[in-house]
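Single-letter residue listing:
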Amino acid sequence: MGKAMASYKLLSELIRKRRSVRSFQQNDVISRHSLGLILEAAKHAPSARNLQPLEFIILKDEKQKERIADACRQNQPKTAPLSILVVGNLELAGKVGEISSHDITTKEKGEKMFIYMDAAAAIQNMLLTATALDIDSLWMSSFDDATITKAANIPKSHIPLAVISFGHRSKQPFSPAKLNIGERTHYDYFSKKEADLAYLETCRQINEPNGELKTI
Ligand SMILES: Cc1cc2nc3c(=O)[nH]c(=O)nc-3n(C[C@H](O)[C@H](O)[C@H](O)COP(=O)(O)O)c2cc1C
């Protein structure tokens, strides 16, 4: 196998191996070394104009983990051995408007679009690095923003973007069906395709708090 194919195979395996895990082992530990590697992966993510408007809050205190879990309406931030709150700096992200040489890159785009894209790129780097280290993870962004903001002392210039929990699975996560990419691929122009929305039923079945599929 050629070098490119070998590295593709490795990456592809990691991408496919990663699953959202919602049941973590008790008395589990994520080492400081692994935490460092996961944070380094966030550092190397692409970022619009390289502004890097993200901050990472490591949740350590049990009471704080409980507050964040309550805000998420699910208990993984409490039950996982490690959780990280990702926070976006709106002021920094908005600066893309002033420093860019053309008028299509606006302050608004920085604040309303690039900041989320930056976060997604950094988070996926973190999740895949965890997978490579045999560490499971869960990305949560459905939370009560006001409660998180208050609990973590987040200033007005910043917004909470995600809580990521890391640990080792205590049971096998389910593998949600993924749509066929051919059905979402277009050439040159957007072409209207008959969407089969039957799979929405399976999206509805995901019981986020306990990580099991609901039978409706
Ligand atoms: C932006 C975003 C927000 C998410 N928020 C939550 C969440 O609040 N709670 C949760 O349990 N899972 C959350 N997830 C995980 C998705 O439910 C999960 O990725 C999806 O069901 C596909 O499963 P997979 O990650 O195993 O491929 C989120 C994922 C993304 C990308």
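Residues numbered from 1 in each chain as written. Predicted model: local features only at pLDDT ≥ 70, side-chain atom pairs only at ≥ 80, totals over all residues. Heavy atoms only, no water.

Engineer: Explain the overall build of the protein chain to me, and be specific about the residues and the numbers.
Structural biologist: When helices and strands are counted, the protein chain shows 9 helices and 6 strands. Over its C-alpha atoms the protein chain spans a radius of gyration of 19 Å, differing by no more than 12% from the 17 Å that the globule rule assigns to 216 residues. Viewed in the frame of its principal axes, the protein chain has a C-alpha envelope of about 50 × 45 × 45 Å. Within the protein chain, buried positions represent 37% of all 216 residues. At a minimum sequence separation of 6, the contacts of the protein chain that also span at least 24 residues come to 77%. Summed over all atoms, the accessible surface of the protein chain reaches about 13700 Å², with 54% contributed by carbon and sulfur. Averaging the coordinates of the 30 positive side-chain charges in the protein chain and doing the same for the 25 negative ones gives two points 3 Å apart. (Helix = DSSP H or I, 4+ residues; strand = E, 2+ residues; numbered from the N terminus. Rg over C-alpha atoms; globule rule 2.2 N^0.38 Å. Buried < 20%, exposed > 50% of the residue type's maximum accessible area, 1.4 Å probe, protein only. Contact = heavy atoms within 4.5 Å. Areas by Shrake-Rupley, 256 points an atom, 1.4 Å probe, with all protein chains shown as cover. Lys, Arg positive; Asp, Glu negative; His and termini not counted. Charge placed at Lys NZ, Arg CZ, Asp CG, Glu CD.)

Engineer: So what's going on with the site of the ligand? Residues and values would help.
Structural biologist: Inspection of the region around the ligand gives 14 residues, with Arg 19, Ser 20, Arg 22, Gln 74 and Lys 178 positioned closest. Taking Arg 19, its side chain carries an N or O atom lying 2.7 Å from an oxygen atom of the ligand. Between the ligand and Ser 20 there is a distance of 2.6 Å, counted from an oxygen atom to a side-chain nitrogen or oxygen. Here the ligand loses 76% of its free accessible area of 620 Å² to cover by the protein chains. Tallying contributions element by element places strand β3 (residues 136-140) first for the shell around the ligand, with 3 residues. Considered class by class, the residues forming the shell around the ligand number 5 nonpolar, 4 polar and 5 charged. (Near = heavy atom within 4 Å. Polar contact = N/O pair within 3.5 Å; in protein donor to acceptor, adjacent residues only side chain to side chain. Nonpolar A, V, L, I, M, F, W, Y, C, P; charged D, E, K, R; others polar.)

Engineer: Kindly report on the pairing of β3, identifying the contributing residues and their values.
Structural biologist: Within β3, 4 of the 5 residues are buried, which leaves the element mostly enclosed by the surrounding structure. The pairing of β3 with strand β4 (residues 158-167) spans 5 bridges and is classified as antiparallel. Directly across from Ser 137, in β4, lies its bridge partner Phe 166. (Pairing = 2+ DSSP bridges.)

Engineer: Which residues make up a nonpolar patch on the surface, and what values do they have?
Structural biologist: A surface patch of nonpolar side chains, amounting to about 320 Å² of accessible area, comprises Leu 179, Leu 197, Tyr 199 and Leu 200. Locating Leu 197 in the fold gives a position in the loop between β4 and α9 (200-205). Using a relative accessible area of 52% as the deciding quantity, one classes Leu 197 as exposed. (Patch = residues over 30% accessible without salt bridge, like charges linked within 9 Å, V, L, I, M, F, W, Y side chains within 5 Å. Salt bridge = Lys/Arg side-chain N within 4 Å of Asp/Glu carboxyl O.)

Engineer: Report on unusual backbone geometry, specifying residues and quantitative values.
Structural biologist: At Asn 27, a residue that is not glycine, the phi angle is positive and equals roughly 55°. Phi is positive for Asn 153, which is not a glycine, with a value near 60°. Inspection of the secondary structure puts Asn 153 in the loop between α8 (145-151) and β4.

Engineer: Talk me through the side chain of Asp 136; I want residue IDs and the actual numbers.
Structural biologist: Locating Asp 136 in the fold gives a position in strand β3. A polar atom in the side chain of Asp 136 sits 2.8 Å from the side chain of Arg 169. In this structure, Asp 136 is in contact with Val 21, Phe 24, Ser 165, Phe 166, Gly 167, His 168 and Arg 169, ignoring residues within four places of it in sequence.

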